[in-house]
Every structure is written in C-alpha cells, then in structure tokens.
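A look at the structure
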Amino acid sequence: MSTKPLKVSEVNNYIKKVFAGDWLLSNIKVEGEISNFKHHYSGHMYFSLKDEKGKIKCVMFKSDNQLVNFQLEDGLKVVITGYISVYEREGDYQLYAKKVEKSGIGDLFQAFEELKRKLEAEGLFEPSNKKDIPYMPRKIGVVTSSTGAAVRDIITVIKRRFPIADILIYPVLVQGVQAPKEICEGLLYLDSKEDIDVIITGRGGGSIEELFAFNDELLARTIYNMETPVVSAVGHETDFTIADFVADLRAPTPSAAAEIITPELNKLKEDLNNKLIKLNRIYFYLMENHNKELEYFRKDLNYYNPINQLKDKYQLLDDLFRNLLFSMDRHIIDNKNKIENLHSKINYLSPISSLDRGYTITLDKDGNLISNIKDMSINDNISLIFKDGMIEAKVVKINRGEFYNE
Amino acid sequence: MNKLDLSYEEAVKELEQILKDLESGELSLKDSLDKFKRGVDLYNYCNEILKHIEGEVKILLKDKNGNLNEEVFDLEV
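This report concerns the structure included in the present document. (Residues numbered from 1 in each chain as written. Chains lettered and ligands numbered in written order. Predicted model: local features only at pLDDT ≥ 70, side-chain atom pairs only at ≥ 80, totals over all residues.)

**Quick look at the sheet that holds strand S13 (residues 389-394) of chain A**
Residue and element names in this part refer to chain A. Test applied: Whether two strands pair comes down to DSSP finding at least two bridges between them. Helix and strand labels come from DSSP, where a helix needs a run of H or I of at least four residues and a strand needs a run of E of at least two; each type is numbered from the N terminus. Convention adopted: a line fitted to C-alpha atoms gives each axis, helices being fitted over their contacting stretch, and angles between N-to-C directions are expressed from 0 to 180 degrees.
Spatial ordering of the open sheet is given by S11-S12-S13, a layout of three strands whose pairing is antiparallel. One side of each edge strand has no neighbouring strand; the edge strands of this open sheet are strand S11 (361-364) and S13. Along the sheet, successive strands turn relative to each other by an average axial angle of 25°, direction set aside.

**Things to note about the sheet that holds strand S8 (residues 198-203) of chain A**
The test is simple: For the purpose of contact definition, each residue receives a C-beta atom placed from its backbone, and two residues are in contact when these atoms lie within 7 Å.
Sheet architecture is open: seven strands sit in the order S10(A)-S9(A)-S8(A)-S6(A)-S7(A)-S1(B)-S2(B), paired in mixed fashion. The sheet is open, and its two edges are formed by strand S10 (249-250) of chain A together with strand S2 (68-72) of chain B, each paired on a single side. Taken strand by strand, helix H5 (residues 179-192) of chain A contacts strand S6 (139-144), strand S7 (166-171), S8 and strand S9 (230-234) of chain A together with S2 of chain B, and its axis lies near 165° from that of S6 of chain A. Along the sheet, helix H8 (residues 254-261) of chain A makes contact with S6, S8, S9 and S10 of chain A, crossing S9 of chain A at roughly 155°.

**Concerning the interface of chain B and chain A**
Listed by partner, the interface residues are 26 residues for chain B and 27 residues for chain A. Where the side of chain B that touches chain A is concerned, the elements lending two or more residues are helix H1 (8-24), helix H2 (29-50), strand S1 (57-62) and S2 of chain B. Summarising the sheet, S7 of chain A and S1 of chain B pair through three bridges and their orientation is parallel. The partner of Leu-168 of chain A across the bridge, within S1 of chain B, is Lys-58 of chain B.

**A short note on unusual backbone geometry**
Note on backbone geometry: most residues besides glycine have negative phi, and most peptide bonds are trans. All names here are of chain A. The criterion, for reference: With C-beta atoms placed from the backbone, a residue counts as buried when 20 or more other C-beta atoms lie within 10 Å of its own, as exposed when 12 or fewer do, and as partly exposed for counts between those limits.
One non-glycine residue with positive phi stands out, namely Asn-36, at about 50°. Given 13 C-beta atoms within 10 Å, Asn-36 falls into the partly exposed group. Phi at Asn-379 takes a positive value of approximately 75°, unusual for a residue other than glycine. By the secondary structure assignment, Asn-379 is in the loop between S11 and strand S12 (381-386).

This is the structure in structure tokens:
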C-alpha cells in the first residue's frame, strides 16, 4: 500500500491536532523533578520534568509563571497542571505548564486540616478562651526573624503610632524544622517576663511550606497556654495558619499586628487634653451656679435681716424727732411773736405811759387805785402819782356826776 | 507620679465617669470639688504616661554560654 508522502510540517501539524483532541493530553497533571531550569530573559521558563525513568520538556510562559509564589529550581519536586502539545518547529512535544505546585502540598494541607479539627474539638480556638489585647501596651514582645521584613514593619509601625512603647525582640527561625521549637522558646521566654504586655509572633509572606512552622501542634498549645496575650501575624491577609486560629488575635500582616495593638499617641494626647478642658469647663460652670445660688440667698437673707428692719425704724425715729424739733421751733417762734405783740400792746396800755402823757394815778390811803369817786369822802387822804413824783393830798370837795358832761 | 495604681485605660475610664457625674449636676459642692481634684490628678497621671520618653527597641541575643542578653536593636532601613 502506497501513500502520498507528507511534508514534515504537515506531520507535526497532524500530531499536534491529534494531541489537542486527546482528553488526557489536553488537560493533564504531571509530577516530577525539575531539571535544566532556565528562566529566559523574555520571562518564559524552560525546564525538564523527570523521574527515574523518563523526562519531558516543559515550558511555562511569562503570563503563567508570574503567579508562581516560590522559586522554581533544579531538583524541586513539583506537580504541573497544563497540556501537552507539539512544538512544530523542532518536532518536540512538550508540557505547557499553566500551574505549578510543590509536591506534597496535598499532604501538608491534609495535615493542616486534621490538626485544625483536632485542636478545634479540644476548644483551643474558643473565642471565650481568648485574652483581651491591652488597650495601651508599655512593652511589646516580638517573636520573629530578626532579619526579615516583618520585624522591620512591626518596629516602624509601632514607632510611628506609639513611640513610647518598649519593644523586645526574641529572634527565631521562622521556617524549617527548628522553627516551631524556637518560636515556642521565644514565646515562653517573653511570657516569663513580667513587664511584657502583649506579644506579636509571625513572619512575612511565603509559600505554604515556609509558613508551615506556624501550623505546628506544640506551637498551638504553647500559644494557648500563654499568660500574655498573643497576636499572630503570619504571611499575607489570605494566609491562615493554626497559630492564627489559636492566637488571641489574628492580624492579617505583621504591620497590621503592630497597628492593632498600639493606640495612636497623638490621638490619645488630644483626647486627654479635651477631657481636661471639659473637666475645667464643667467644674467652673458648677462653681458659677453655686455662686449665683449663694448670691440669691445673700439677697434674701439681707432682705429679712432684722438689722435692716431696725434701720428703717431708726430712720422713722429720726424723722419723727426732726419733725418734733421743727414743730417746737415753730411753736417757740409763734409764741415769741405773740409775746412781742402783747408787749407792745402792754407798753401802749401801761399807766406809766399815761403819766408820760400828763395823766396822774390816784391812790387811797391804803394804796388802792381810785378809779371813781363814789366811795370818796371829804377829808380823805389820797396820793397823786405823777411822772416825776407823788403828792399827798386831802379831798376838799366832791363833785358827783360825769366829768366830761359838764 | 506613679501614685495611682491604675492602667492608663482605667484612669481614662474613671476620668470619663467623673465628667459624667459632674455633668449630671447632682453632686454636692463638696463632692464636686473632690471629683474635680480627682479628675485633675487622673489627667496628670495619664499625661505623665503619655510624656514617657521614646521607648527602646532591644533584641535578645545568646552569649557563648547560651545566656540571653538584651542588646539595643538598630533598625537598618
């Protein structure tokens, strides 16, 4: 049977189509060890995946490998998800990787889930068992790597928000087999210190294995039994570890942990000063009210003070006395005038003044005034008083009748 | 000035309560005066705390005998 020969490119193209139509090759997971890893300057990755018996070429384009959050390197065991296709130019078939995970991730995840269930059942995550985070820590303990970004972030945030707090760092490994033990030692050491108010433990972002130290059972139990409140800050916001569940507070990142446990000093100062202003205002308002009230009382008391009533009486008395004096004066003056009147009248009517005018006064022998002649007899002795002397005389004749009718 | 055996938070809470009591206007003059004095004491106490000097940053390092010593930690940015 003879067939028409195909061109090479036609063959490759045909194979490619066959591959593309295969349900397994078009969506496959392959496990193996990386070798000949090259990260080309174009951003694409070229490497091989191998096991004991075979090898397959792999490529991972820039658009796909940007999402890989760990370093691919020779010897690393991985599981690649992608498809197998043909590079027609070389006639090579290769694995086009869309996603890469480290081998054993599934095991880690399972271990994590199992431990989580177990500790949860024991009540280690109970919200009621969580300690309160102090409102204002004087001294903050930090258990983390002394070289990572985490410790820097924590210190920077604390210095910015609440610079008066002391910070004590217990440096530990935050990944690897030794890490959980060291973290536990750090926590226990700081817990034994009386003056530490709160402890942050955690690390910066990393792969799930790198964060796995914080999924340790002993670490979980240590955190649970601490006297000092513990804030966990492991990786990024999306990373959750056992330590996060058992800690008294879970912060999404180390910076956030520092932010959560510190009040803002400037705000505290402002609040405090406002309170003082308010205290003064209320107090002086109260005092003023008391003073006002007192002033009312004073006025009332004054009004009812008997001394004041006495004063009125004194005044009345004074008035009366003044009136009295005035009346007296009037009376005296009136009387004086009257007397003067009388005096001049008397003067006018006085017999002495009659003598001046040439009249005489006649007295009998006993000195009684004789005003008519009806009792007079001849030879009676009489006295005649003149202005300038007296004459003794004897009645010689009596003419009865009216003198001036004659 | 650490004569008050209180945390900052407790002191602030007490100060707030004093403000409330004074605001109610139901206190006697003597009580008002006492509360005012206490309020000023609390303010001074809190203010002292906030005036605390810059906190220190230290790191625990092991010497050759394995003992932990506190040393100043320089943050290199």
